[in-house]
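Here are the chains, one letter per residue:
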Amino acid sequence: MEKEKNNKVVIENLNLFYGEHHALKNINLKIPEGKITAFIGPSGCGKSTCLKSINRMNDLVDNCRIEGKIFISGEDIYDPRTDVTLLRKCAGMVFQTPNPFPMSIFDNVAYGPRIHGIKDKKKLEEIVERSLRGAAIWDDLKDKLKKSAFGLSGGQQQRLCIARALAIEPDIILMDEPTSALDPISTLKIEDLMMELRKKYTVIVVTHNMQQATRIADKTAFFLMGEVIEYSDTDRMFRNPVDKRTEDYITGRFG
Amino acid sequence: MQQIDKTESDVRKNISLYSKRVRKSDVVLKMLIYFSALLTVGFFILLIAYIIVNGAGYISLDFLLSSAESDGLLPIIINTLYVEFFTLIFAIPIGIGAAIYLTQYVKQGKFVKLIRFSTETLAGIPSILFGLFGYAIFCVLFGLGSSIIAGCLTMIICVLPGIIRTTEEALLTVPNSYKNGALALGAGKFRTIFEIVLPCAVPGILTSVILAVGRIMGESAAFLLTIGTGTKMPKEVFSHIFSSGRTLTLHLYYMSGNGSVPDAMKICFAIATILLILIFVLNVLAKLLAKKFIH
Ligand SMILES: Nc1ncnc2c1ncn2[C@@H]1O[C@H](COP(=O)(O)OP(=O)(O)O)[C@@H](O)[C@H]1O
Ligand SMILES: [Mg+2]
């Protein structure tokens, strides 16, 4: 029981259908608080789908049907009582391609807090600074907060998006291949940042880059065709995988 | 220049790849293209030049601001502004609302396809049919008679398909990633649409509005049966919409067939010139906006 308490996200018997397509098959995962958990697997295996189930972004897909339960801090997020706005405030998301809004850098970061009712200018300035610092990009951007976010490089944009997610003070940060659109140097910077974030947040990251998983993740889940084949400490999974299919994947025999 | 023995590959380099043969069919085709381009541009310039040469001389401040009931232009210009205003004030919000509904709210499927098909068909219907419909419904059934408001109501139906379609296109070009970004921060759907999606689509929406302004200004058939022939100055700002009042294009039409006014033809060309200039300005505006939109 003591161990259970430290699980931030618990996924129980999750099945997800896109129309007839059974995209997630009986997923069970206990994702620990204050750690980085990576989802790996070949493309199309359901990593993003599983990630999006955690902040209910799948609600937006017309023909998507979900069975099973997901608990965050012990509360079932698919319970009718759940306020999706609060859920998404609790679980911030960073997307595969940096997607800053067509607004100033300041307004990008302040957008989330504004949604959640913060209007005071001083307070917003404070949050923007704290979030940009949290995303290790304050020094780069502090002099151009009024400028459009589109002038930034891809790596900077992605860190801005991370800052935007931090600004709503989430407990969990969901990242869907956050570095796949970035060059190697920006990638390493984001990875460093994720190691920093891990101290305060529960991070769940989808990656198709196995090196990245070994570099940053405490735990790794291997997805294949909608199933979780193996889920364990990253070290153990990469040193001695239990399942033959995991071994084949991490040794590069398919995927 | 150094003198070196030429190897075989050097010699080959000197062979030109340029064709020395001129194909006859190419020449003929090119001539045809030039000819048709010239013809089009030529007619266009001729038309504009002819109208302006015949009309520009007659335009003066007196002409524009004369409120004489027989041939004063001011009441006609005011009628036209009334029609623009009262058509757009309804058509824009309804059109944008419909476009938002069709692109953001309703489940994409047969129903939406049917609506799209109907708007496209409506956009292609000759406007005299709208005029006939407007006459039967607004003038007769609603008892509005031949009046500016009946003309406006008819015109709303004429411009709506265009506004809806252009706005829809503008909304659809807004990347989904913006929307997802806002939703993932906890923004509601309504907020996301009005704060993120709609602002991105503003240039496109403005383009559609400008096109509608031009359409209303250039329309005559839809008004012919609905708006009447009035040439009086408004007595009261609001009640004027219930009186009959011709627009610039209609005035041109009535003038051209009016033998009793001595300068009728000149007045026609003057009106045509004014319309041309306004349409030209509107089109340039729309182009500029569209350019901004693509960026
Ligand atoms: N919106 C959707 N509608 C229908 N099918 C989808 C949708 N999103 C994903 N899928 C399908 O679900 C499966 C898993 O997709 P996804 O979670 O994006 O995979 P991954 O992120 O691992 O590459 C794929 O077969 C994909 O085609
Ligand atoms: Mg994916």
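Residues numbered from 1 in each chain as written. Chains lettered and ligands numbered in written order. Predicted model: local features only at pLDDT ≥ 70, side-chain atom pairs only at ≥ 80, totals over all residues. Heavy atoms only, no water.

Here's the deal with the overall build of chain B
Now for step 1: A tally of regular secondary structure across chain B gives 12 helices and zero strands.
Now for step 2: In terms of overall dimensions, chain B is more spread out than a globule: its C-alpha atoms have a radius of gyration of 27 Å, far above the 19 Å expected for 295 residues.
Now for step 3: Counting only C-alpha atoms and orienting by the principal axes, one finds that chain B spans roughly 100 × 65 × 35 Å.
Now for step 4: Here chain B holds 295 residues, and the buried ones make up 38% of them.
Now for step 5: At a minimum sequence separation of 6, the contacts of chain B that also span at least 24 residues come to 75%.
Now for step 6: Looking at chain B as shown, the accessible area adds up to about 17,600 Å², and 70% of this sits on carbon and sulfur atoms.
Now for step 7: If the 24 positive side-chain charges of chain B are averaged to one point and the 15 negative ones to another, these points end up 10 Å apart. (Helix = DSSP H or I, 4+ residues; strand = E, 2+ residues; numbered from the N terminus. Rg over C-alpha atoms; globule rule 2.2 N^0.38 Å. Buried < 20%, exposed > 50% of the residue type's maximum accessible area, 1.4 Å probe, protein only. Contact = heavy atoms within 4.5 Å. Areas by Shrake-Rupley, 256 points an atom, 1.4 Å probe, with all protein chains shown as cover. Lys, Arg positive; Asp, Glu negative; His and termini not counted. Charge placed at Lys NZ, Arg CZ, Asp CG, Glu CD.)

Observations regarding the overall build of chain A
Now for step 1: For chain A, the count of helices and strands is 11 helices and 10 strands.
Now for step 2: Its C-alpha atoms give chain A a radius of gyration of 18 Å, within 12% of the compact-globule value 18 Å for 255 residues.
Now for step 3: For chain A, the proportion of its 255 residues judged to be buried stands at 53%.
Now for step 4: Counted over contacts in chain A with a minimum sequence separation of 6, partners at least 24 positions apart contribute 67%.
Now for step 5: Entry remark: accessible area of chain A is about 12,000 Å², with carbon and sulfur atoms responsible for 47%.

Some thoughts on the nonpolar core
Across soluble globular proteins, nonpolar side chains have a tendency to be buried as a group.
Now for step 1: In this structure, Leu73, Val83, Met155, Val159, Ile216 and Phe223 of chain B are the most contacted members of the largest nonpolar core, which totals 48 residues.
Now for step 2: Elements with a minimum of two residues in this core: helix H4 (74-105), helix H7 (148-172), helix H9 (189-218), helix H10 (221-224), helix H11 (248-256) and helix H12 (264-294) of chain B.
Now for step 3: Beyond its immediate sequence surroundings of up to four residues, Leu73 of chain B is in contact with Phe63, Leu64, Ser66, Leu248, His251, Ile271 and Ile274 of chain B.
Now for step 4: One finds Leu124, Leu145, Ala217 and Ile250 of chain A within the second-largest nonpolar core, a separate group that totals 45 residues. (Core = buried A, V, L, I, M, F, W, Y, C linked by side-chain atoms within 4.5 Å.)

Points about the site of ligand 1
Residues and elements named next belong to chain A.
Now for step 1: Taken together, Tyr18, His21, Ala23, Ser43, Gly44, Cys45, Gly46, Lys47, Ser48, Thr49 and Val61 form the complete shell of residues around ligand 1.
Now for step 2: Contacts to ligand 1 include His21, whose side-chain N or O atom sits 3.3 Å from an oxygen atom.
Now for step 3: Contacts to ligand 1 include Gly44, whose backbone N or O atom sits 2.6 Å from an oxygen atom.
Now for step 4: Notes on ligand 1: free accessible area 550 Å², of which the protein chains cover 64%.
Now for step 5: Those elements that place two or more of their residues in the shell around ligand 1 are strand S2 (21-32) and helix H2 (47-54).
Now for step 6: The element that contributes the greatest number of residues to the shell around ligand 1 is H2, accounting for three residues.
Now for step 7: For the shell around ligand 1, a count of residues per class yields four nonpolar, six polar and one charged. (Near = heavy atom within 4 Å. Polar contact = N/O pair within 3.5 Å; in protein donor to acceptor, adjacent residues only side chain to side chain. Nonpolar A, V, L, I, M, F, W, Y, C, P; charged D, E, K, R; others polar.)

Thoughts on the layout of surface pockets
Now for step 1: Counted as a void, the largest pocket has a volume near 830 Å³.
Now for step 2: In terms of lining, the largest pocket is formed by 30 residues, of which the most central are Leu60 and Val61 of chain A together with Asn176, Lys179 and Asn180 of chain B.
Now for step 3: For the lining of the largest pocket, the elements supplying multiple residues, two or more each, are H2 of chain A together with H4, H7, helix H8 (176-184) and H9 of chain B.
Now for step 4: With five residues, the top contributor of residues to the lining of the largest pocket is H8 of chain B.
Now for step 5: Per-class residue counts for the lining of the largest pocket are 13 nonpolar, 10 polar and seven charged. (1 Å grid on protein atoms, 1.4 Å probe; cavity = no way out; pocket = protein on both sides within 12 Å on 5 of 7 lines; lining within 4 Å. Points joined across faces, edges and corners; volume = space filled by probe spheres on them.)

Some points on the packing of aromatic side chains
Now for step 1: Here the structure, examined in full by the defined rule, presents 13 aromatic pairs over all chains.
Now for step 2: Plain terms: the ring middles of Tyr58 of chain B and Phe63 of chain B are 5.2 Å apart, the flat faces sit at 80° to each other, and that makes the pair edge-to-face.
Now for step 3: Judged by relative accessible area, which is 25%, Tyr58 of chain B ranks as partly exposed.
Now for step 4: One aromatic cluster in this structure is built from Tyr82, Phe85 and Phe86 of chain B.
Now for step 5: Over the face of the ring belonging to Phe101 of chain A we find Arg164 of chain A, whose NZ or CZ atom lies 4.2 Å from the ring centre. (Phe/Tyr/Trp six-rings, centres within 6.5 Å; stacked < 30°, edge-to-face > 60°. Lys NZ or Arg CZ within 6 Å of the ring centre and 35° of its normal.)

Here we look at the packing of H7 of chain B against H9 of chain B
Residues and elements named next belong to chain B.
Now for step 1: In the contact formed by H7 and H9, the axes pass within 8 Å of each other and the chain directions differ by 150°. On the basis of the axis angle, H7 is roughly antiparallel to H9. The hand of the H7/H9 crossing is right-handed. Residues Met155, Cys158, Val159, Ile163, Thr166, Thr167, Ala170 and Leu171 of H7 pack against Val197, Leu198, Ala201, Gly204, Ile205, Ser208, Ala212, Arg215 and Ile216 of H9.
Now for step 2: Among the residues forming the contact of H7 with H9, the class breakdown is 12 nonpolar, four polar and one charged. (Axes fitted to C-alpha atoms, helices over the stretch in contact; angles between N-to-C directions. Parallel < 35°, antiparallel > 145°, perpendicular 65-115°, else oblique. Left-handed = near helix turned anticlockwise from the far one by under 90°.)

Some points on the interface of chain B and chain A
Now for step 1: Contacts between the two partners involve 16 residues from chain B and, on the opposite side, 23 residues from chain A.
Now for step 2: Summed over both partners, the interface of chain B with chain A buries about 1,500 Å², with 66% contributed by carbon and sulfur atoms.
Now for step 3: Of all residues in chain B, Tyr178, Ala184 and Leu185 of chain B give up the largest surface area on contact with chain A, accounting jointly for 40% of the area buried on that side.
Now for step 4: Between the two partners, chain B and chain A, sit zero salt bridges.
Now for step 5: Counting the contacts that link chain B with chain A gives four residue pairs in polar contact (both at pLDDT 80 or more).
Now for step 6: Breaking the side of chain B that touches chain A down by element, the ones donating at least two residues are H8 and H9 of chain B.
Now for step 7: With seven residues, H8 of chain B is the largest single contributor of residues to the side of chain B that touches chain A.
Now for step 8: For the side of chain B that touches chain A, the class distribution of residues is eight nonpolar, five polar and three charged. (Buried area = accessible area lost by both parts, 1.4 Å probe. Salt bridge = Lys/Arg side-chain N within 4 Å of Asp/Glu carboxyl O.)

So, helix H5 (residues 121-134) of chain A
All names here are of chain A.
Now for step 1: Between the first and last C-alpha of H5 there are 20 Å, a value that for 14 residues agrees with the 20 Å anticipated at 1.5 Å per step.
Now for step 2: Taken residue by residue, H5 has Leu124, Ile127, Val128, Ser131 and Leu132 as its buried positions. Along the axis of H5, the buried positions cluster into a sector of 125°, meaning they face one direction only.
Now for step 3: Buried positions along H5 lie against helix H4 (105-115), helix H6 (138-141) and helix H7 (154-166). (Expected span 1.5 Å × (residues − 1). Arc of directions from axis to C-beta.)

Quick look at the domain arrangement of chain B
All names here are of chain B.
Now for step 1: Domain annotation for chain B reports domain 1 (2-53) and domain 2 (64-294).
Now for step 2: For domain 1 versus domain 2, the separation of C-alpha centres amounts to 44 Å.
Now for step 3: Tallying the contact residues gives four residues for domain 1 and four residues for domain 2.
Now for step 4: Per-residue buried area on domain 1 facing domain 2 is highest for Tyr50, Ile51 and Ile52; these three make up 86% of the total on that side.
Now for step 5: For the pair domain 1 and domain 2, the interface holds zero salt bridges.
Now for step 6: Taken together, domain 1 and domain 2 are joined by one residue pair in polar contact (both at pLDDT 80 or more).
Now for step 7: Residues of the side of domain 1 that touches domain 2, tallied by class, amount to four nonpolar, no polar and no charged. (Domains from an automatic or database assignment.)

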